[in-house]
Amino acid sequence: EKGSKEIEHGVFVPREVEDSEIASLDKKDMKIKNKDIKQYFKIKAPEKLVEIETNSGRKVEVTLENTILTIKKGSTVWKKAQHLKKGDYVASARNLPQLKKGIITNLEKTDIFWDSIKNIRFKDNKEHNYVYDVTVKDEHSFICNGITIHNTATVVKDEEMGGWVLEAGALV
């Protein structure tokens, strides 16, 4: 990968990203805004994944540890995908931002709504070689297929196992 270095089989050092933006949820005002991508990770995919489908038809596949913005007793909570269940509500973009000549448009219409999970499926990964994590400046979240996903943390050296691991999850 250009700008990144494989430090161990399947684990690439973060690549610095310049002039790239992604839609991200500002939790202060619950508006979706353009935010700078700080870096990304490319990591060998795990054996198990979670596929989430909402009642509005949005789908996303993530690792078990990836956190998704949910609502519980009137408060927003980041919840690991492995703990989500049918009927949980996830933060979804009302309208997905559109790109025109590299600029995201219609942001004023992209407030979120709480979309309930229609199906959640834990599955064996037989099709993805890698998963990706995007680090977003300031907000630490991004919108993927209309669903709010958290930056998944960092890749760290696991001294006991002798390898590199994610402290959280990653996006397929």
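The rules behind the values
- Residues numbered from 1 in each chain as written.
- Predicted model: local features only at pLDDT ≥ 70, side-chain atom pairs only at ≥ 80, totals over all residues.
- Heavy atoms only, no water.
- Helix = DSSP H or I, 4+ residues; strand = E, 2+ residues; numbered from the N terminus.
- Contact = heavy atoms within 4.5 Å.
- Areas by Shrake-Rupley, 256 points an atom, 1.4 Å probe, with all protein chains shown as cover.
- Salt bridge = Lys/Arg side-chain N within 4 Å of Asp/Glu carboxyl O.
- Buried < 20%, exposed > 50% of the residue type's maximum accessible area, 1.4 Å probe, protein only.
- Core = buried A, V, L, I, M, F, W, Y, C linked by side-chain atoms within 4.5 Å.

**As for the overall build of the protein**
- What the protein contains, in helices and strands, is zero helices and 18 strands.
- Considering only contacts in the protein between residues 6 or more positions apart, those separated by 24 or more positions represent 60%.
- Surface summary for the protein: the accessible area is close to 9800 Å², and the carbon and sulfur share equals 48%.

**Things to note about the pattern of salt bridges**
- Enumeration according to the criterion identifies eight salt bridges in this entry.
- Note that aspartate 26 and lysine 33 form a salt bridge whose closest N and O atoms lie 2.8 Å from each other.
- Residues aspartate 88 and lysine 85 are paired through a salt bridge, measuring 3.3 Å at the closest nitrogen-oxygen approach.
- For lysine 85, a relative accessible area of 48% translates into the label partly exposed.

**Points about the nonpolar core**
- Of all hydrophobic cores here, the largest spans 18 residues; its most connected members are Ile52, Val60, Val62, Ile68, Phe142 and Ile149.
- Of all the secondary-structure elements, those providing two or more residues to this core are β6 (48–54), β7 (59–62), β14 (130–136), β15 (141–144) and β16 (147–150).
- Judged by nonpolar contacts, the second largest core, of eight residues, contains Leu25, Leu69, Ala91 and Ala93.

**Side note on the side chain of lysine 35**
- Along the chain, lysine 35 turns up in strand β5 (residues 31–44).
- In contact with lysine 35, not counting residues within four places along its chain, are Ser20, Glu21, Ile22, Ser24, Val136, Lys137, Asp138 and Glu139.

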